[in-house]
Amino acid sequence: MPRRLDHLVICVRDLEQAALDWQTLGFNLTPTGVHPFGTSNRLAQFADNFLELLAVTDDALVPPATPGHFSFAAHNRDFLATAEGMSMLVLHSTDAHADAARFRADRIGDYAPFDFGRDAVLPGGGTARVAFSLAFATDPAMPGIAFFTCQQRHPPELFWKAQYQRHPNGALRVVEVVMSAAEPAAHRNFLERLTEGTAELAPGRLTIGERDNHITLLDPSELARRLPGLANGASPRFCAARLAVADLDATRRTLEHNGVGFAMTGAVLLVPPATAHGLALEFVEQEAN
């Protein structure tokens, strides 16, 4: 079975301001989490995946990248030198160390696994120690962005909290990540190795993953058709996230009440990337099983 979406890393320059903006978008965010390598985050958590707003908050702690060692913090610092937006796509893992070995064998990531821990603020105000293992993968044909798998090495109840998963905009989970690429088919081999899935090709597009857990690559013409007004999509990059909601009319009313501009295209509510720190957001009503 293909890997499921775990979370999206969305780089912002000012975490406090970004949090206010995303709360205006109707997301309920976790308290600030501080990493030991110079970055901090706030999460929009769902039942089984999440969005991570991430900023570099202590440049002195950012470790450099070295041969065989991917620096998460340095990658995101470098990304922010040119733009805000989605810098990394993360897939779920139950064994990141095994993933790192597989990525090395598949020649998509010759990096050591990365283990770390941080304190998470609980809804009641206390803290719990949470720990993670990451396995990184990169593709020279996709410069400036990266991928990794994430294994949570703590009891699930310390991280996943129902109180953090109730969002005024009704968002339930991320169901799709949309990328741009001049020739989507050129990235098929890398993405199949990364996700352990089989890609489907159509003119101007590549899709990999299951219906509610997939990645879509679009060429410039297909991207313009789906996301009108976006800048040229020739360079591989992350452009949009599609989120399922319980009631699209309720989502629309929440955004209108908060003064958020959006466009309706059929059954899709689109928030432009300028409003969400570089990542377009598509809200769609959850499909019946």
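These figures come from a predicted structure and were not determined experimentally.

## Things to note about the overall build of the protein
And then number 1: What the protein contains, in helices and strands, is 6 helices and 16 strands.
And then number 2: Compactness check: the protein gives a C-alpha radius of gyration of 18 Å against a globular reference of 19 Å for 289 residues, within 12% of the reference.
And then number 3: The principal-axis extents of the C-alpha atoms in the protein amount to approximately 50 × 45 × 40 Å.
And then number 4: Looking at the protein residue by residue over its 289 residues, the buried ones come to 52%.
And then number 5: Taking all contacts inside the protein whose residues are at least 6 apart in sequence as the whole, residues at least 24 apart take part in 65%.
And then number 6: Taken as a whole, the protein presents about 12400 Å² of accessible surface, with 52% of it coming from carbon and sulfur.
And then number 7: Here the protein contributes 24 positively and 33 negatively charged side chains, and the mean placements of these two sets differ by 2 Å.

## Some points on the sheet that holds strand E1 (residues 5-11)
And then number 1: In space, the 8 strands of this open sheet follow the order E2-E3-E4-E1-E5-E8-E7-E6, with mixed pairing throughout. Where the open sheet ends on each side, the last strands, each with one partner, are strand E2 (33-34) and strand E6 (114-121).
And then number 2: Note: strand E7 (residues 127-137) against strand E8 (residues 146-152), 6 bridges, orientation antiparallel. Following the sheet pairing, Ser 133 is matched in E8 by Gln 151.
And then number 3: Running at roughly 10 degrees to E7, helix H3 (residues 96-105) makes contact with E6, E7 and E8 of the sheet.

## What about the nonpolar core?
A general feature of soluble globular proteins is that nonpolar side chains tend to end up buried together.
And then number 1: Core analysis: the largest hydrophobic core is formed by 80 residues, its most contacted members being Trp 22, Phe 27, Leu 51, Phe 147 and Leu 281.
And then number 2: In terms of residue count, the dominant contributor to this core is E7 (6 residues).
And then number 3: Aside from chain neighbours lying at most four places away, what touches Phe 147 is Leu 89, Ala 135, Phe 136, Ala 137, Met 142, Met 179, Phe 190, Leu 191, Leu 194 and Phe 238.
And then number 4: Counting residues in each nonpolar core, the second largest holds 9 residues, with Leu 218, Leu 223, Cys 239 and Leu 270 among its members.

## Overview of empty space enclosed by the protein
And then number 1: The full count for this structure, using the stated rule, is 3 cavities of 30 Å³ or more.
And then number 2: By volume, the largest cavity is sized at about 150 Å³.
And then number 3: Around the largest cavity, the lining comprises 15 residues; the ones closest to its centre are His 7, His 35, Asn 41, Glu 52 and Phe 116.
And then number 4: Elements supplying a minimum of two residues to the lining of the largest cavity: strand E3 (39-45), strand E4 (50-56), E6, E7 and E8.
And then number 5: Here the lining of the largest cavity is built from residues that sort into 10 nonpolar, 3 polar and 2 charged.

## Notes on the pairing of E4
Along a regular strand, successive side chains alternate from one face of the sheet to the other.
And then number 1: Extensive coverage of E4 is indicated by the burial of 6 of its 7 residues.
And then number 2: Two strands pair when backbone bridges link them, and E1 and E4 are joined in this way by 5 bridges, in the parallel orientation. The residue bridging Val 9 from the neighbouring strand is Glu 52, located in E4.
And then number 3: Taken together, E3 and the strand that follows it, E4, pair antiparallel across an intervening segment of 4 residues.

## Some remarks on unusual backbone geometry
And then number 1: In this model, Arg 107 sits at a positive phi of 60 degrees, which is unusual for a non-glycine residue.
And then number 2: Among the structural elements, Arg 107 can be located in the loop between H3 and E6.

## Some details on the sheet that holds strand E11 (residues 205-210)
And then number 1: The strand order across the open sheet formed by 8 strands is E10-E11-E12-E9-E13-E16-E15-E14, and the pairing between neighbours is mixed. The open sheet is flanked by strand E10 (200-202) and strand E14 (263-265), the only strands paired with a single partner. Each adjacent strand pair in this sheet contributes to an overall mean axis angle of 25 degrees, direction not counted.
And then number 2: Inspection of the sheet shows strand E9 (residues 171-180) paired to strand E12 (residues 213-218) by 5 bridges, in the parallel sense. Note that in E12 the partner of Val 177 across the bridge is Ile 215.
And then number 3: Across the sheet, helix H4 (residues 188-195) is in contact with E10, E11 and E12; its angle to E11 comes to roughly 5 degrees.
And then number 4: Along the sheet, helix H6 (residues 248-257) makes contact with strand E13 (237-245), E14, strand E15 (268-271) and strand E16 (280-285), crossing E15 at roughly 25 degrees.

## Examining the pattern of salt bridges
And then number 1: Counted according to the given criterion, the structure contains 19 salt bridges.
And then number 2: Among the salt bridges present, the one from Arg 226 reaches Glu 282, with a minimum N-O distance of 2.6 Å. In this pair, Arg 226 sits in helix H5 (residues 220-226) while Glu 282 sits in strand E16, placing the two residues 56 residues apart along the sequence.
And then number 3: One network of salt bridges, in which partners are shared, links Arg 3, Asp 99, Arg 102, Asp 106, Arg 193 and Glu 196.

Rules used in this analysis
Residues numbered from 1 in each chain as written. Predicted model: local features only at pLDDT ≥ 70, side-chain atom pairs only at ≥ 80, totals over all residues. Heavy atoms only, no water. Helix = DSSP H or I, 4+ residues; strand = E, 2+ residues; numbered from the N terminus. Rg over C-alpha atoms; globule rule 2.2 N^0.38 Å. Buried < 20%, exposed > 50% of the residue type's maximum accessible area, 1.4 Å probe, protein only. Contact = heavy atoms within 4.5 Å. Areas by Shrake-Rupley, 256 points an atom, 1.4 Å probe, with all protein chains shown as cover. Lys, Arg positive; Asp, Glu negative; His and termini not counted. Charge placed at Lys NZ, Arg CZ, Asp CG, Glu CD. Pairing = 2+ DSSP bridges. Axes fitted to C-alpha atoms, helices over the stretch in contact; angles between N-to-C directions. Core = buried A, V, L, I, M, F, W, Y, C linked by side-chain atoms within 4.5 Å. 1 Å grid on protein atoms, 1.4 Å probe; cavity = no way out; pocket = protein on both sides within 12 Å on 5 of 7 lines; lining within 4 Å. Points joined across faces, edges and corners; volume = space filled by probe spheres on them. Nonpolar A, V, L, I, M, F, W, Y, C, P; charged D, E, K, R; others polar. Salt bridge = Lys/Arg side-chain N within 4 Å of Asp/Glu carboxyl O.

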